[in-house]
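Read off the chains here:
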Amino acid sequence: FDHNKVTVLFVLGGPGAGKGTQCGYLVKDFGFCHLSAGDLLRAEQHREGSEFGELIQTCIREGTIVPMEVTVKLLENAMADALKEGRSGDGWADGRGRFLVDGFPRKMDQAIKFDEDVCFASLVLFYSTTEEVMLSRLLERGKTSGREDDNAESIKKRFTTYKETTMPVIKHYEALGKVAEIDSSPPADEVYKASKAAVEKALK
Ligand code: UP5
Ligand code: MG
């Protein structure tokens, strides 16, 4: 990837913190290409002929992290496709690709690999709220989402992985001064005011 042609923002936060929801709003206002690592993994899980289907299913249900090679490759491919097909950076005149990479990197090895193979992220949007809030959002969504990990048992495991494995990644970017922490406890439109301000500040 030509570093001069892509801008990447990472979107992190606990399970159910509201990453996908905020990305949806940001796409509308800023014309980002939104790539959710979890969505890419779920699509790969169900792709006919995928050699990773079972591995991905087990990791998602157990709330553990899929080996980074798989996820980084899926992201690289999705970014390359979006650039090729002109699906990134809509509304920007300079032809630069602008990507929201949602739910990634959630383990240090992924962060290092992405830095090396793809590019450095300009900003990390970090959505934080309490486990209580996240749990109730996920259980509510679980009534209709069909997601294999929206059940009390998987959610507990996702929280553990988040605390033990993903928080160190957020701390790493904090030390680099790249993190904008946003309280995602209020209603989504209110959270979005802070998201928008953080992105405007970072991209100006
Ligand atoms: N909602 C959202 N915002 C709200 C608000 N402000 N007020 C009230 N309600 C709000 O939101 C969750 C729910 O809450 C929705 O119903 C929404 O309407 C409501 P959402 O925006 O979907 O939250 P999000 O943070 O995106 O939650 P998600 O469940 O997607 O987070 P996870 O990080 O757990 O899931 P992800 O898909 O990223 O990853 C799933 C699994 O994939 C991981 O556990 C892992 O096993 C695997 N994975 C990897 O192995 N490697 C990776 O790099 C990435 C994923
Ligand atoms: Mg999500």
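Structure: see above.
Figured I'd write up the structure that's included with this text. Keep in mind that this is a model prediction, so the values were computed, not measured.

### Things to note about the overall build of the protein
For the protein, the helix and strand inventory stands at eight helices and five strands. Taken from N to C terminus, the helices and strands of the protein fall in the order β-α-β-α-α-α-β-α-β-α-α-β-α. Compactness check: the protein gives a C-alpha radius of gyration of 16 Å against a globular reference of 17 Å for 204 residues, within 12% of the reference. Each principal axis of the C-alpha distribution contributes one length, and for the protein these read about 45 × 40 × 35 Å. With 204 residues in all, the protein has 47% of them scored as buried. Taking the 28 positively charged and 33 negatively charged side chains of the protein as two groups, their mean positions are separated by 3 Å.

### A short note on the packing of aromatic side chains
Applying the stated criterion to the full structure yields six aromatic pairs. Among the aromatic side chains, those forming a connected cluster through ring pairs are F10, F104, F114 and Y173.

### Regarding the site of ligand 1
Close contacts around ligand 1 come from 33 residues, with T21, T64, V66, R141 and R158 the closest. Between ligand 1 and V66, the relevant distance is 2.7 Å, taken from an oxygen atom to a main-chain nitrogen or oxygen of the residue. In the environment of ligand 1, an oxygen atom lies 2.9 Å from a nitrogen or oxygen atom belonging to the side chain of R106. The protein chains hide 85% of the 1000 Å² of surface that ligand 1 would expose on its own.

### Observations regarding the side chain of S36
Topologically, S36 is positioned in strand β2 (residues 33-36). At a separation of 3.0 Å, a polar atom in the side chain of S36 contacts the main-chain amide nitrogen of D39. Dropping the residues within four chain positions of it, S36 is found in contact with R42 and D102.

### Describing the packing of helix α1 (residues 19-30) against helix α8 (residues 188-203)
Axis separation between α1 and α8 bottoms out at 10 Å; the angle between their running directions is 55°. Here α1 lies oblique to α8, going by the angle between them. Between α1 and α8 lies a crossing of right-handed hand. Taken together, the residues of α8 that come into contact with α1 (itself represented by T21, Q22, Y25, L26, D29 and F30) are A188, D189, V191, Y192, S195, K196, V199 and E200. Taken together, the residues that form the contact of α1 with α8 break down as seven nonpolar, three polar and four charged.

### Points about the packing of helix α6 (residues 131-145) against helix α7 (residues 152-175)
Relative orientation of the contacting elements α6 and α7 amounts to 140°, with a least axis distance of 11 Å. With respect to α7, the axis of α6 lies oblique. α7 is crossed by α6, and the crossing has right-handed handedness. On the side of α6, the interface is formed by E131, M134, L135, L138, L139 and R141, while α7 contributes A152, I155, R158, F159 and K163. Grouping the amino acids of the contact of α6 with α7 by side-chain chemistry returns seven nonpolar, no polar and four charged.

### Re the sheet that holds strand β4 (residues 123-128)
Across the sheet, five strands lie side by side as β2-β3-β1-β4-β5; this open sheet has parallel pairing. For this open sheet the edge positions go to β2 and β5 (179-183), each flanked by a neighbour on one side alone. In this sheet, neighbouring strand axes are inclined to one another by 20° on average, regardless of whether the strands run parallel or antiparallel. Pairing of strand β1 (residues 6-13) with β4, which is carried by five bridges, proceeds in the parallel orientation. If you follow F10 over to β4, its bridge partner there is V124.

### Concerning α6
Look at α6: 19 Å from first C-alpha to last across 15 residues, which is about the 21 Å you get at 1.5 Å a residue. Two residues or fewer past α6, G146 is found with a positive phi of approximately 70°.

Rules and cut-offs
Residues numbered from 1 in each chain as written. Chains lettered and ligands numbered in written order. Predicted model: local features only at pLDDT ≥ 70, side-chain atom pairs only at ≥ 80, totals over all residues. Heavy atoms only, no water. Helix = DSSP H or I, 4+ residues; strand = E, 2+ residues; numbered from the N terminus. Rg over C-alpha atoms; globule rule 2.2 N^0.38 Å. Buried < 20%, exposed > 50% of the residue type's maximum accessible area, 1.4 Å probe, protein only. Lys, Arg positive; Asp, Glu negative; His and termini not counted. Charge placed at Lys NZ, Arg CZ, Asp CG, Glu CD. Phe/Tyr/Trp six-rings, centres within 6.5 Å; stacked < 30°, edge-to-face > 60°. Near = heavy atom within 4 Å. Polar contact = N/O pair within 3.5 Å; in protein donor to acceptor, adjacent residues only side chain to side chain. Areas by Shrake-Rupley, 256 points an atom, 1.4 Å probe, with all protein chains shown as cover. Contact = heavy atoms within 4.5 Å. Axes fitted to C-alpha atoms, helices over the stretch in contact; angles between N-to-C directions. Parallel < 35°, antiparallel > 145°, perpendicular 65-115°, else oblique. Left-handed = near helix turned anticlockwise from the far one by under 90°. Nonpolar A, V, L, I, M, F, W, Y, C, P; charged D, E, K, R; others polar. Pairing = 2+ DSSP bridges. Expected span 1.5 Å × (residues − 1).

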